[in-house]
Amino acid sequence: MRLTALRVLIAGGGTGGHVIPALAIADELRGRYGAEVRFIGTARGFETRLVPAASYDLDLIHVGQLKGVSLATGFRTLLDLPLGVWRCFEILNTFRPNVVVGVGGYASGPGMVAALLKRIPTLAFESNAAPGLANRLVGKRVSAAAVSFAPAGEHFRNAKVTGIPVRKEFFALQRRPAGAPPQLLVFGGSQGARIFNTMMPSIAPALLKALPGLTILHQAGARHAETTLAAYQASGADPKHWEVHRFLDDMPRRFESADLVLARSGASTVAELCAAGKPALLVPFPEATDDHQRKNAEIMADGGAARILIQAAINEDMLLATLKELLADASELEVMGIRAKALAKPDAAADIAAMVAGLAGTNARG
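On a predicted model such as this, the values are computed, not experimentally measured, just so you know.

Colleague: Requested: an account of the pairing of strand S9 (residues 215-219), with residues and values cited.
Modeller: Of all five residues in S9, four are buried, a share of seventy percent or more. Bridge analysis of strand S8 (residues 183-187) against S9 gives five bridges, and the strand direction is parallel. If you follow glutamine 183 over to S9, its bridge partner there is threonine 215. Here S9 pairs with strand S10 (residues 242-245) via four bridges, running parallel. When the bridges of S10 are listed, isoleucine 216 appears paired with tryptophan 242. Taken together, S9, helix H7 (residues 225-235) and S10 constitute a β-α-β crossover, and its handedness is right-handed.

Colleague: Explain the pattern of salt bridges to me, using residue names and the numbers behind them.
Modeller: As a working rule, side chains carrying opposite charge can pair if their charged atoms are close by. Summed over all chains, the structure comprises twelve salt bridges. With its nearest N and O atoms 3.2 Å apart, the salt bridge here joins aspartate 57 to arginine 38. With aspartate 57 in strand S3 (residues 57-60) and arginine 38 in strand S2 (residues 36-41), the pair connects residues that are 19 residues apart, well separated along the chain. The salt bridge involving glutamate 226 is made with arginine 246; its shortest N-O contact spans 3.4 Å. On the criterion of sequence distance, the pair formed by glutamate 226 in helix H7 and arginine 246 in the loop between S10 and helix H8 (251-257) is long-range, its members being 20 residues apart. A single salt-bridge network, built from bridges that share partners, covers Arg38, Asp57 and Asp59.

Colleague: Run through helix H10 (residues 292-302), naming residues and quoting values.
Modeller: When H10 is considered as a whole, its buried residues turn out to be His292, Gln293, Asn296, Ala297 and Met300. Projected down its long axis, H10 carries its buried residues within an arc of 140°, all on one side. On its buried side, H10 packs onto helix H9 (267-276), strand S12 (280-282), strand S13 (306-308) and helix H12 (330-342). Remark: glycine 304 follows H10 within two positions and exhibits a positive phi of approximately 75°.

Colleague: Let's hear about the nonpolar core: which residues, and what values?
Modeller: Formed by 57 residues in total, the largest nonpolar core has its most connected members in Ile10, Leu29, Val37, Phe39, Leu185 and Met300. In contact with isoleucine 10, other than residues within four places in its own chain, are Ala22, Ala26, Val37, Arg38, Phe39, Ile40, Val101 and Val103. Judged by nonpolar contacts, the second largest core, of 33 residues, contains Leu207, Leu208, Leu260 and Val283.

Colleague: So, the layout of surface pockets: which residues are in play, and what are the values?
Modeller: Considered as a void within the structure, the second largest pocket measures approximately 650 Å³ in volume. In terms of lining residues, the second largest pocket is bounded by 23 residues, among which Arg175, Arg176, Asp259, Lys278 and Glu334 are the most central. Of the residues forming the lining of the second largest pocket, the biggest block, six residues, is contributed by H12. Residues belonging to the lining of the second largest pocket are distributed by class as follows: 13 nonpolar, four polar and six charged.

Colleague: Hey, could you go over the sheet that holds S3 for me, with residue numbers and the actual values?
Modeller: Sheet strands pair by backbone hydrogen bonding; their relative direction is either parallel or antiparallel. Spatially, seven strands are ordered S3-S2-S1-S4-S5-S6-S7 in an open sheet, and the strand pairing comes out parallel. Edge positions in the sheet fall to S3 and strand S7 (159-161), since each has one partner strand and no second. Direction aside, the axes of adjacent strands within the sheet are offset by 20° on average. Relative to the sheet, helix H4 (residues 108-117) contacts strand S1 (7-11), strand S4 (99-102) and strand S5 (122-126), its axis offset from that of S4 by approximately 150°.

Colleague: How would you sum up unusual backbone geometry? Please name residues and give values.
Modeller: In the Ramachandran plot, serine 55 falls in the positive-phi region, its phi being about 70° despite a non-glycine side chain. Although it is not a glycine, asparagine 158 adopts a positive phi angle of roughly 50°. Looking at the element boundaries, asparagine 158 is found in the loop between strand S6 (144-147) and S7.

Colleague: Describe the pairing of S6, with residues and values.
Modeller: Of the two faces of S6, the one lined by Ala144 and Ala146 and the one lined by Ala145 and Val147 are each fully buried. The sheet contact formed by S5 and S6 spans four bridges and is parallel. Each bridged residue has a counterpart across the sheet, and for phenylalanine 125 the counterpart in S6 is alanine 146. For the crossover from S5 across helix H5 (residues 133-138) to S6, the handedness is right-handed. Where S6 lies against S7, three bridges are found, and the strand directions are parallel. Within S7, the position partnered with alanine 145 by the bridge is alanine 159.

What counts, and where the lines are drawn
Residues numbered from 1 in each chain as written. Predicted model: local features only at pLDDT ≥ 70, side-chain atom pairs only at ≥ 80, totals over all residues. Heavy atoms only, no water. Buried < 20%, exposed > 50% of the residue type's maximum accessible area, 1.4 Å probe, protein only. Helix = DSSP H or I, 4+ residues; strand = E, 2+ residues; numbered from the N terminus. Pairing = 2+ DSSP bridges. Right-handed = clockwise from strand over helix to strand, strands pointing away. Salt bridge = Lys/Arg side-chain N within 4 Å of Asp/Glu carboxyl O. Arc of directions from axis to C-beta. Contact = heavy atoms within 4.5 Å. Core = buried A, V, L, I, M, F, W, Y, C linked by side-chain atoms within 4.5 Å. 1 Å grid on protein atoms, 1.4 Å probe; cavity = no way out; pocket = protein on both sides within 12 Å on 5 of 7 lines; lining within 4 Å. Points joined across faces, edges and corners; volume = space filled by probe spheres on them. Nonpolar A, V, L, I, M, F, W, Y, C, P; charged D, E, K, R; others polar. Axes fitted to C-alpha atoms, helices over the stretch in contact; angles between N-to-C directions.

Structure below.
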């Protein structure tokens, strides 16, 4: 039985890094507070697939990207913004939420602007160390903010460091058995990472020779899996010691089997590494908005949980030498894993949901 009819509208999306934490917040609000949660997104974002699959209603608005686009695209986006805000007004008038949560991404800006104009309580969620454009524009006007990294807090009113909501399975991984053959997980996100797909096959023979028993599990992304597979085959690396996949399902289990993760440093990836207590070699995506991946990676590196290689400076010899050094030192990897775990925020979803409920004056269900 609900103590309060809490209604929450979550605005934003685009990438999995925006949508997956938003769904974790929604699940916590629904489970703990009996909230009715609705989403605003765009037709080209991951939300069109993930939100309905999680049994939430999704309203779509038309709005484009402003950062990192051509002048013509940016101009069209500016023309679309008033219509997007107007559509959000219509959604707010129909759904009548107690709180609007902005999670960043295309639809976040219009949704939050409409809520601010209607004087509806607002909460901004920022997953990156450097806030994106949508959150920076409304940061000092929102009622409160949940941030993943302390440096982002200075851009918002009433900010609290909560961390990024991560699936509970990542916090319950088993330790790798002592003496188990080492495994390297190469993970460039759902679309893969071209630099990993080109360099790893080239250095695989030398890496496997230097570390007997090593296995490489490589997620290459759908568009590049075939060419990456062909490159491994052409390299002469023993096929018993490497695998290439378009996608990897059950990522908690994949993390559990890995001694080291070679990855990009999107906010969700960093949060999952910390939750899992996994050491990482991070190569930030250089074209990420406002260079936020580098800033995310620096948080882990400063905490002793990761090493960073800058893409513009990498060559095959450097990548090979760094991987050999890390994988050959099991005790260092264990220490890095412990430090990663210390950076984790296991109560992130609960803390953010409590902030939302607090803005609405709602108590948890008994």
